[in-house]
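Tertiary structure, described
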2 protein chains.
Amino acid sequence: MAEPRRRQLLDALAAGERSVTDLVHAVGLAQPQVSKHLRVLREVGAVDVREDGRHRLYRVNGHALKPIHDWVAQYERVWSERFGELDAVIEELKEQGEKADGGKQ
Amino acid sequence: MAEPRRRQLLDALAAGERSVTDLVHAVGLAQPQVSKHLRVLREVGAVDVREDGRHRLYRVNGHALKPIHDWVAQYERVWSERFGELDAVIEELKEQGEKADGGKQ
DNA sequence: TTGACACATGCCTATATAGGTATATATACT
DNA sequence: AGTATATATACCTATATAGGCATGTGTCAA
């Protein structure tokens, strides 16, 4: 997922199932490379495949993305705190400004 | 953030400010390597630094993690749907089971 | 069965980067 | 000033992997 190409692929798959050829057009990369990225994504469980005749339909496996989400969510607290601090500072500056110039901005 | 080491570092920083030496002990990596990872994290804005005498105190910049959070959050819908499907299937199986064996598990 | 299509895999090369070691820089201590 | 401490950087080597090209495998159509 670190690779931009893989994010591109996942984003292309976000809408729903797509064939490899579809994805090739979507990301503007040669077919073998797309297949290789898809293989990696498959192996880490980020996508699932379904066979349909001579096509392979790929789709994202949101389940696999959940751990990432959870990990990042740990830091929500951190940035919430920092936003809180920022709000406090802004509030303080605003009050000072109002005292200094009588309320005009 | 793709590198396990960097996640380790961020996790070590999750609790609050830490000096480089602290982090060296935390992740069990040599100091130059830690400094290099921290440099990368600094450059992508994932962490901030503050100087304190001969120490550099690093802290996470939750702000920078927000885009990742938002990106992953796009897929929340996907896995929610899939969990929903799963729930439906389980429910169905449960009902069939109850009919088959009279309710015992 | 032969050919066209859809996809995967194998091999090659170039590049990125992780970790190692030595060293530079800056600050505190005496 | 001289030394110890804290951190950063430079350089090297090994490894991973991205992308390119050729080819293998399986499926559909005639």
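Structure's up top.
Definitions and cut-offs
Along each chain, residues carry numbers from 1 onward, in the same order as the chain's sequence is written. Written order determines the labels here, with chains lettered from A and ligands numbered from 1. Totals for whole chains, interfaces and linings use every residue, but because this is a predicted model, local features are given only for residues with pLDDT of at least 70 and side-chain atom pairs only at 80 or more, for both listing and counting. Secondary structure elements are taken from DSSP: a helix is a run of H or I of four residues or more, a strand is a run of E of two residues or more, and numbering for both begins at the N terminus. One less than the residue count of a helix, multiplied by 1.5 Å, gives the span that helix is expected to have. Working definition of burial: number of other C-beta atoms within 10 Å of the residue's own, with buried at 20 or more, exposed at 12 or fewer, and partly exposed in between, all C-beta atoms being placed from the backbone. Summarising the geometry, the arc corresponds to the directions from the helix axis toward the C-beta atoms. Here the rule is simple: two strands pair whenever DSSP picks up at least two bridges between them. Distance between backbone-placed C-beta atoms decides contact: two residues are in contact if it is within 7 Å. As a rule, the C-alpha atoms of each element are fitted with a line to give its axis, helices using only the stretch in contact, and angles between N-to-C directions run from 0 to 180 degrees. Contact assignment follows one rule, namely that a residue is near a molecule or strand if its backbone-placed C-beta atom lies within 6 Å of it. Gly falls in the polar group here, along with every residue not listed as nonpolar (Ala, Val, Leu, Ile, Met, Phe, Trp, Tyr, Cys, Pro) or charged (Asp, Glu, Lys, Arg). Defined on buried residues, the nonpolar core groups Ala, Val, Leu, Ile, Met, Phe, Trp, Tyr and Cys residues joined through C-beta atoms within 7 Å.

1. Quick look at helix α4 (residues 62-73) of chain A
Residue and element names in this part refer to chain A. With twelve residues, α4 should cover 16 Å at 1.5 Å per step; its first-to-last C-alpha distance of 16 Å lies within 8% of that length. Among all positions in α4, only G62, L65 and V72 are buried. Axial view of α4: buried residues confined to an arc of 60°, hence all on one face. Opposite the buried face of α4, by more than 90 degrees, sit the exposed residues P67 and D70.

2. What about the sheet that holds strand β3 (residues 55-60) of chain A?
Residues and elements named next belong to chain A. Pairing in this open sheet of three strands is antiparallel, and the strands run β1-β3-β2 from one edge to the other. Here the strands that pair on one side only, and so sit at the sheet edges, are β1 (18-19) and β2 (47-52). Pairing of β2 with β3 involves six bridges; the strand directions are antiparallel. Note that in β3 the partner of V47 across the bridge is V60.

3. Some thoughts on the environment of L38(A)
Residue and element names in this part refer to chain A. Relative to the helices and strands, L38 is located in helix α3 (residues 31-43). By C-beta crowding, L38 is classed as buried, having 20 other C-beta atoms within 10 Å. Measuring from C-alpha to C-alpha, the distance between L38 and V20 comes to 8.6 Å, with 18 residues separating the pair along the chain. Ignoring any residue separated from it by four or fewer positions in sequence, one finds L38 in contact with L9, V20, V47 and Y58.

4. Quick word on the sheet that holds strand β3 (residues 55-60) of chain B
Residue and element names in this part refer to chain B. Ordered by their spatial adjacency, three strands build an open sheet running β1-β3-β2, and the pairing between neighbours is antiparallel. Edge positions in the open sheet fall to β1 (18-19) and β2 (47-52), since each of these has one partner strand only. The sheet contacts of helix α1 (residues 4-14) involve β1, β2 and β3, and relative to β3 the element is tilted by about 95°.

5. Looking at the protein's contact with DNA strand C
Taken together, 20 residues lie around DNA strand C, and S19(A), T21(A), P32(A), S35(A) and G53(B) are the ones closest in. Of all the secondary-structure elements, those providing two or more residues to the surface near DNA strand C are α2 (20-27), α3 and β3 of chain A together with α3 (31-43) of chain B.

6. As for the protein's contact with DNA strand D
Surveying the vicinity of DNA strand D reveals 20 residues, the closest of which are G53(A), S19(B), T21(B), P32(B) and S35(B). Secondary-structure elements contributing two or more residues to the surface near DNA strand D are α3 of chain A together with α2 (20-27), α3 and β3 of chain B. Its residues assigned to classes, the surface near DNA strand D comprises six nonpolar, seven polar and seven charged.

7. Some details on the environment of R77(B)
All names here are of chain B. By secondary structure assignment, the location of R77 is in helix α5 (residues 76-101). Judged by C-beta crowding, with 11 C-beta atoms within 10 Å, R77 ranks as exposed. Between the alpha carbons of R77 and A12 there is a distance of 30 Å; along the sequence they are 65 residues apart.

8. Let's talk about the nonpolar core
Core analysis: the biggest nonpolar cluster contains 28 residues, and V47(A) and V47(B) have the highest contact counts within it. Counting only elements with at least two residues in this core, the list comes to α1 (4-14), α3, β3 and α4 of chain A together with α1, α3, β3 and α4 (62-73) of chain B. Contact partners of V47(B), with chain neighbours within four places excluded, come to L13(B), L38(B), L41(B), R42(B), Y58(B), R59(B), V60(B) and N61(B).

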